[in-house]
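The chain contents come next:
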Amino acid sequence: MLKPLGDRVVVKFEEEKEQTVGGFVLAGTHKESTRKAKVIAVSETGMRTITGEVVPPSVQVGQEVLVENGHDLEVTQNDEKVSIIRESDIIAIISE
């Protein structure tokens, strides 16, 4: 299990698939500015301010979030692709 440090969060992005009228699946032909992801792991410590105060993470494991596209570091863990991002790259928490 990956354990992120500082203000980093481990997420798993939803697969992006586009389907044509004929039923063909086109992978990654149209890139959105945001992507939907599920939070897999969050740093225990959070971020420190200039004065040394600790700011706890504002997201929790299991939440669905919107992330700015292109701000992730993709890694493979147990044959599964996950991404490490900064918490500041999370735009919103999706709630039902």
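What you see is a predicted model; the values in this text were computed from it and never measured. (Residues numbered from 1 in each chain as written. Predicted model: local features only at pLDDT ≥ 70, side-chain atom pairs only at ≥ 80, totals over all residues. Heavy atoms only, no water.)

Novice: Would you mind showing me how to read the environment of Glu-80 here?
Specialist: Along the chain, Glu-80 falls in strand β9 (residues 80-86). Taking C-alpha positions, Glu-80 is 8.9 Å from Lys-12, a pair spaced 68 residues apart along the chain. (Helix = DSSP H or I, 4+ residues; strand = E, 2+ residues; numbered from the N terminus.)

Novice: What is the right way to read the nonpolar core from this model?
Specialist: Generally speaking, a soluble globular protein has its nonpolar side chains buried in company with each other. Of all hydrophobic cores here, the largest spans 11 residues; its members are Val-9, Val-11, Phe-13, Ala-37, Val-39, Val-42, Val-59, Val-65, Val-67, Ile-85 and Ile-90. The set of elements that each furnish at least two residues to this core consists of β1 (8-13), β4 (34-42) and β7 (64-68). Non-local contacts of Ala-37, meaning those with residues more than four positions away in its chain, are made with Val-11, Lys-12, Phe-13, Gln-63, Glu-64, Val-65 and Val-67. (Core = buried A, V, L, I, M, F, W, Y, C linked by side-chain atoms within 4.5 Å. Buried < 20%, exposed > 50% of the residue type's maximum accessible area, 1.4 Å probe, protein only. Contact = heavy atoms within 4.5 Å.)

Novice: Even after reading the chapter, I still don't get unusual backbone geometry, so can you show me in this structure?
Specialist: The phi angle at Asn-78 is positive, at roughly 55 degrees, despite the residue not being glycine. Along the chain, Asn-78 falls in the loop between β8 (73-77) and β9. Judged by relative accessible area, which is 70%, Asn-78 ranks as exposed. One non-glycine residue, Asp-79, lies in the positive phi region at around 60 degrees.

Novice: What should I look at first to understand the sheet that holds β9 in this one?
Specialist: Backbone-to-backbone hydrogen bonds pair the strands of a sheet. The strands run either parallel or antiparallel. Strand order across the open sheet formed by 6 strands is β8-β9-β1-β4-β7-β10, with antiparallel pairing between neighbours. With one partner strand each, in any of the chains shown, β8 and β10 (90-94) form the two edges of the open sheet. Geometrically, the sheet is characterised by an average inter-axis angle of 45 degrees between neighbouring strands, direction not taken into account. Taken together, the 4 bridges between β1 and β9 define a ladder with antiparallel strand orientation. In the strand pairing of β9, Val-10 is matched with Ile-84. (Pairing = 2+ DSSP bridges. Axes fitted to C-alpha atoms, helices over the stretch in contact; angles between N-to-C directions.)

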